[in-house]
Amino acid sequence: MVTTRTASVSLAPMDSTPSAAPARAINVPQRNEPAGSARTLIEISNLDFFYGAKQALFDNTLMLDEKRVTAFIGPSGCGKSTLLRCLNRMNDLIDGTSIKRGTIKIRGVDIYQPDVDVIELRKRVGMVFQKSNPFPKSIYENITYGLRIQGIQSKSRLDEVVERSLRGAALWDEVKDRLHESGLSLSGGQQQRLCIARAIAVEPEIILMDEPCSALDPIATAKVEELIHELKKQFTIIIVTHSMQQAARVSDKTAFFYIGKLDEYDDTRTIFMNPKNAQTEAYVSGRFG
Amino acid sequence: MEPVLNAEEPKPFAIKKTRTRFLGLTLDETIQTFFGGNAFVAVIVLALITLFLVKEGAQFFTQNRASMTVYRQAGLEYVDLMRQQEEDHIALTRYLFDVRMQAIRQYTDAEGLPLADANARLVAFDEWSGQYSDAIEPVRGLVSELTDVASAIKTKFTIAEDKAIERAQLLDEGKTEEAAAVVIETVDFKTELAVLTGTLPMFKEASVDFAGQLTALLPTAPAFSDAVLQARMDRFVALTRQYLDGFPEVVRRMETWDFEEPIPLARSFTGFIFGRQWLTASFWQDWYGVIPLFVGSLMVSAVALTLAIPLGVGAAIYVNQIATAREQRLIKPCIEFIAAIPSVVLGFFGIAVLGEALRALSQFENLHWIPGFPIAERLNALTAGCLLALIAVPTIFTLAEDALNNVPRAFREASFALGATRLQTIVKITIPASLSGIVSAVLLGFGRVIGETMVVLLCAGNRIAIPDFTAGVTVFFQPVHTMTGIIAQEMGEVVRGSIHYRALFMVGLVLFVIALLINFIAQKIVRRYRISIG
């Protein structure tokens, strides 16, 4: 049974590089953290979310673990990105959005209470976007932006953070000689790692990744995934992905969403090899989605 | 059996054109030609305008040279050399009068003396300044006498030229007898000028006498106890010394002056571009210098942009980045509607409301600490500039808002996700990313302002003179004339083909070149901006 399911994952139509997939898919189970060994960091309970009058999330409840990678998967329009953007209140920037019911607590603090400073929240909960979006500034300026807006001007401190962040994002060796060139001069994969470096420069606790590899080629994707493994030693990572291979490769736990509802949430290994729900099984085995 | 036959003889591969043609063109081609023709009309019209402006304007230089040649040959230039001495003296006398005004203010305001007492304290000063201003008399007499002589020579020459034209016209019409009857009196400049140049010894004598009087007066210059007044008086003495030192140079130039020396064409050009006087229909000599008009246009535009940049860019930032959807729906059409107000209505508003209001405001005692208040002229560079700002705001607003809109949403999101406030995001990300677009918006606003005619014609005061920049900020309360205004005002009255007519064309050409440059630079900047966003 087990081997059959693993093989079916590798054949999922999402993957742009079927030839690279089988070897990786086999890798999956070994790299996943054992379940139940981590503390809960984020508690989402009974969340109903609306875009204007249209409800996008229905009664979602799930607990996310500290210093683990959690993947949100599901077909397009299932609400996984919406939920992700609720976690640092990026949805506040869109007119007419509202949470009608339910709470999101990080370390027990409800982040939607009126007395919450959204700016502070976003410093703690960093984000990496689907399309790499470095500012039209130098590499150095890109990374120090988050610190400068907090008023940190000390050159030595900034230099130190730039090196640490770039090393953290496995980009230091590639760009150390051209820190003052435009961030837009980098290749797509490098730009995305620059965005990751920029996010970790402000030392958040949580990093949200919204399909970080969807615009990257397989080699660049492999590098970012490698990076995610490194990053989870320090950060709690939540990643939205369309690629089930990716979810299988990088995450410890996986949540499957379907039309705004959490369908199944469990250890990644369980979700891919022994899903309880028929819908989940159909999706992870590539029968729909 | 039939299907088999069909298989052996395949259908013909019919791909030949079969469309009907009209004048050798298919329907598609006709439509293409129509659209292409419309597009090229713009190119052709621009080329025609340029050609027309250049053709009409270029002849100005030969005409201007002819005019300058007469100015020299008829001896007007010679007399002006002398007159310069007189005019400089007048300027110095005015300075002296200004010092007196300041002294009176000092005595009445600061020391609280009644006006009569203040005047009494200046009796010695008045006597001295009277002597100072009378010293010029011998030179002045000579200059005014020679002015008549020189203009008589010029008139004579002008009449002779007119007669020659008349004869040529008659000959053209075949009226030989009438043509022969036209008497043309040839002007021999050399003999005519002998009267003028013969007066040089007299001028030298008068000049030396005058210089002697001033030099004698200087040591007895009245002194003031007040430090500021004394400083101005010292400055006056220094200026007079400088003036006196220039005397030998005047004489030297008069001695070496030669009426036959030709005037280079370049002089005619520089005389226009750098000319500090625009003087038409003068009994003496017409000057066509664009500088007073250019400075007027620049000053009015400077006022307009100083007001319009913060208003336009500020409004664009607010509407694009901060405003709610409802505010956007209110503000945007309002600003864009301003562009729809006819400029003549704005000009009317400027005269009737803004000019009056500014002057009424400047009458308040409490506001007299503002430099330039109370305003002497109701219509001035500031009034016109304020209204022009209204005209520039919609242009700047619309284009700047476009530029802000073009900043990818991803930049803003990334900034917010890093914990930036809305203001930090605007200042550090959105504005820098759209800066080149904003700059080109401002440039195009400038182009809009410098080309605007009606408002400046109605509200700028239309005094053709370079404003007195020594007056500091209050220079903006002085009336000015502009390049656009002068064309609108004078084009209707000039004789077609005359030098004045051509001069107006040249002004138009200057405007055209400025507009072209502004648009070119703005486009360059925008293009660079597009590339940088990728």
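Residues numbered from 1 in each chain as written. Chains lettered and ligands numbered in written order. Predicted model: local features only at pLDDT ≥ 70, side-chain atom pairs only at ≥ 80, totals over all residues. Heavy atoms only, no water.

**Considering the overall build of chain B**
How we decide: Put simply, DSSP marks the helices as runs of H or I at least four residues long and the strands as runs of E at least two long, and each gets a number from the N terminus on. What the globule rule says is 2.2 Å times the number of residues to the power 0.38, and the radius of gyration is computed from C-alpha atoms. Exposure is judged per residue with a 1.4 Å probe applied to protein chains only, and the accessible area is read against the type maximum: over 50% gives exposed, under 20% gives buried, and values in between give partly exposed. Throughout, a contact is declared for two residues whenever any of their heavy atoms are within 4.5 Å. For the area figures, the Shrake-Rupley method with a 1.4 Å probe applies, and any residue is considered shielded solely by the protein chains shown.
Along the backbone of chain B there are 21 helices and two strands. The C-alpha radius of gyration computed for chain B amounts to 34 Å, which surpasses the reference 24 Å derived for 534 residues by more than 25%, pointing to a less compact arrangement than a globule. If you line up chain B on its principal axes, its C-alpha atoms span 135 × 85 × 40 Å. Taking all 534 residues of chain B together, the buried fraction comes to 40%. Across chain B, the fraction of contacts at a sequence separation of at least 24, relative to all contacts at a separation of at least 6, is 78%. Taken as a whole, chain B presents about 29,400 Å² of accessible surface, with 63% of it coming from carbon and sulfur.

**What to know about the overall build of chain A**
If you tally the helices and strands in chain A, you get 12 helices and 10 strands. Going through the 289 residues of chain A one by one, you find that 55% of them count as buried. Sequence-distant contacts in chain A: of pairs separated by 6 or more residues, those separated by 24 or more amount to 69%.

**Focus on the packing of aromatic side chains**
Counted only if it meets this: In this scheme Phe, Tyr and Trp rings, the latter by its six-membered ring, pair at centre separations within 6.5 Å, and the angle between planes marks the pair as stacked below 30 degrees, edge-to-face above 60, and tilted otherwise. Look at NZ for Lys and CZ for Arg. If either is within 6 Å of the ring centre and within 35 degrees of the ring normal, a charge sits over the ring.
The full count for this structure, using the stated rule, is 25 aromatic pairs over all chains. Relative to B:Phe189, the ring of B:Phe157 has its centre 5.4 Å away and its plane inclined at 45°; by these criteria the two rings are tilted. Separated by 32 residues along the polypeptide, B:Phe157 in helix α6 (residues 137–172) and B:Phe189 in helix α8 (residues 189–197) bring together distant segments of the chain. Taken together, the aromatic side chains of B:Phe60, B:Phe61, B:Phe269, B:Phe272, B:Trp278 and B:Tyr288 make up a single cluster linked through ring pairs. Over the aromatic face of A:Phe135 sits the side chain of A:Arg198, whose NZ or CZ is 4.4 Å from the ring centroid.

**Some words on the domain arrangement of chain B**
We apply this condition: For each domain, the first and last residues come from an automatic or database assignment.
Domain parsing of chain B yields domain 1 (22–58), domain 2 (60–259) and domain 3 (292–533). Look at where the C-alpha atoms of domain 1 of chain B and domain 2 of chain B centre, and you get two points 56 Å apart.

**Describing the side chain of A:Thr236**
Residues and elements named next belong to chain A. This is how it is decided: Residues adjacent in sequence count toward polar contacts only when both atoms are side-chain atoms; beyond that, a polar contact is any pair of N or O atoms within 3.5 Å, and within protein one must be able to donate a hydrogen and the other to accept it.
The residue threonine 236 is located in strand β8 (residues 236–240) in this model. Residue classification places threonine 236 among the buried residues on the basis of a relative accessible area of 2%. Separated by 2.9 Å, the side chain of threonine 236 and the backbone nitrogen of lysine 67 make a polar contact. Apart from residues no more than four positions distant in its own chain, threonine 236 is found in contact with Leu41, Asp65, Glu66, Lys67, Arg68, Glu205, Ile206 and Ile207.

**Structural notes on the pairing of strand β1 (residues 40–51) of chain A**
Looking down a regular strand, the side chains alternate between one sheet face and the other. Residues and elements named next belong to chain A. Heads up, the condition is: Think of it this way: DSSP has to see at least two bridges between two strands before they count as a pair.
Pairing geometry for β1 and strand β2 (residues 54–65), over eight bridges, is antiparallel. Bridge pairing links tyrosine 51 to lysine 54 in β2. Between β1 and β2, which pair antiparallel one after the other, the connecting turn spans two residues, and glycine 52 there sits at a positive phi close to 60°. In terms of strand pairing, β1 meets strand β4 (residues 97–106) through eight bridges, oriented antiparallel. Within β4, the residue paired with glutamate 43 across the bridge is lysine 105.

**Description of the sheet that holds β2(A)**
Strand order in this open sheet of four strands is β2-β1-β4-β5 (chain A), and the pairing throughout is antiparallel. Two strands lie at the open edges of the sheet, namely β2 and β5 (109–110) of chain A, each paired on one side alone.

**Examining the interface of chain A and chain B**
One frequently used descriptor of interface size is the decrease in accessible area upon assembly of the parts. As a reminder of what qualifies: By convention, the term buried area covers the 1.4 Å-probe accessible surface removed from two parts as they join, with the contributions of both added. Salt bridge, as used here, is a side-chain nitrogen of Lys or Arg placed within 4 Å of a carboxyl oxygen of Asp or Glu.
With 24 residues of chain A in contact, the opposing surface of chain B contributes 18 residues. Between chain A and chain B, the buried area comes to about 1,800 Å², and carbon and sulfur atoms account for 66% of it. Interface area lost by chain A to chain B is led by A:Phe135, A:Tyr145 and A:Ile149, which between them contribute 28%. Our enumeration of links across chain A and chain B arrives at one salt bridge.

**Considerations on the pattern of salt bridges**
For the structure shown, the criterion picks out 37 salt bridges over all chains. A:Arg39 is the partner of A:Glu66 in a salt bridge, and the nearest nitrogen-oxygen pair spans 3.0 Å. Of this pair, A:Glu66 sits in the loop between β2 and β3 (69–73) while A:Arg39 sits in the loop between α2 (21–31) and β1, and the two are 27 residues apart along the sequence. A residue is classified by how much of its surface remains accessible, and A:Glu66, at 14% relative accessible area, is buried. Taking relative accessible area as the criterion, A:Arg39 reaches 59% and is therefore assigned exposed. Notably, a salt bridge pairs B:Asp80 with B:Arg83, separated by 3.0 Å at the nearest N-O pair.

**Thoughts on the environment of A:Tyr283**
Here A:Tyr283 lies in helix α12 (residues 278–284). Each C-alpha atom, one on A:Tyr283 and one on A:Ala56, is 20 Å from the other, the two residues being 227 residues apart in sequence.

**Observations regarding the pairing of strand β6 (residues 125–128) of chain A**
Residues and elements named next belong to chain A. Residues of β6 alternate between two faces, with Val125 and Met127 on one and Gly126 and Val128 on the opposite face, all of them buried. Relative to strand β7 (residues 206–210), β6 is paired through four bridges, and the arrangement is parallel. Paired with valine 128 across the strands is methionine 209, a residue of β7.

**Let's talk about a nonpolar patch on the surface**
Quick reminder of the rule: Exposure above 30% relative accessible area and no salt bridge define the residues that can form patches, which grow by joining like charges within 9 Å and nonpolar side chains of Val, Leu, Ile, Met, Phe, Trp and Tyr within 5 Å.
There is a patch of nonpolar side chains on the surface, built from B:Phe40, B:Val43, B:Ile44, B:Leu48 and B:Leu51 and spanning about 540 Å² of accessible area. Locating B:Leu48 in the fold gives a position in helix α2 (residues 27–73).

**Focus on helix α5 (residues 139–148) of chain A**
Within α5(A), eight of the 10 residues are buried, which leaves it mostly tucked inside the rest of the structure. On the buried face of α5(A), the contacting elements are α6 (155–168), α7 (172–175) and α8 (188–201) of chain A together with α17 (409–417) and α18 (422–451) of chain B.

**Topic: the nonpolar core**
Residue and element names in this part refer to chain B. We count it as follows: Put simply, buried Ala, Val, Leu, Ile, Met, Phe, Trp, Tyr and Cys residues joined by side-chain atoms within 4.5 Å make one nonpolar core.
Counting residues in hydrophobic clusters, the biggest one holds 66 residues, and the most contacted among them are Phe60, Phe272, Trp278, Leu388, Met483 and Val507. Here this core gets 14 residues from one element, more than from any other, and that element is helix α21 (residues 499–533). Residue contacts for leucine 388: discarding those within four places in its chain leaves Val300, Ala304, Val449, Glu452, Val455 and Val456.

**Here's the deal with unusual backbone geometry**
Residue and element names in this part refer to chain A. With a phi angle near 50°, aspartate 59 is a residue other than glycine that sits in the positive phi range. Along the chain, aspartate 59 falls in strand β2. Notably, alanine 170 is not glycine yet its phi reads approximately 55°, a positive angle. As for its position among the elements, alanine 170 is in the loop between α6 and α7.

**Thoughts on the environment of A:Lys232**
Residues and elements named next belong to chain A. Tracing the sequence through the fold places lysine 232 in the loop between α9 (218–231) and β8. Overall, lysine 232 belongs to the buried group, its relative accessible area being 7%. Residues lysine 232 and arginine 164, spaced 68 residues apart in sequence, show a C-alpha to C-alpha distance of 16 Å. Of note is the side chain of lysine 232, whose polar atom sits 2.9 Å from the side chain of aspartate 252.

**Some remarks on the confidence of the model for chain B**
Residues and elements named next belong to chain B. The criterion, for reference: Looking at any residue, its pLDDT shows the predictor's confidence there, from 0 to 100.
Model confidence for chain B is summarised by a mean pLDDT of 86, while 97% of its residues fall at 70 or above. Of all secondary-structure elements in chain B, the lowest mean pLDDT belongs to helix α1 (residues 2–8), at 56, while helix α13 (residues 291–322) reaches the highest, 94. Model confidence for the complex: the whole-complex pTM is 0.79, and ipTM, which rates the interface, is 0.83.

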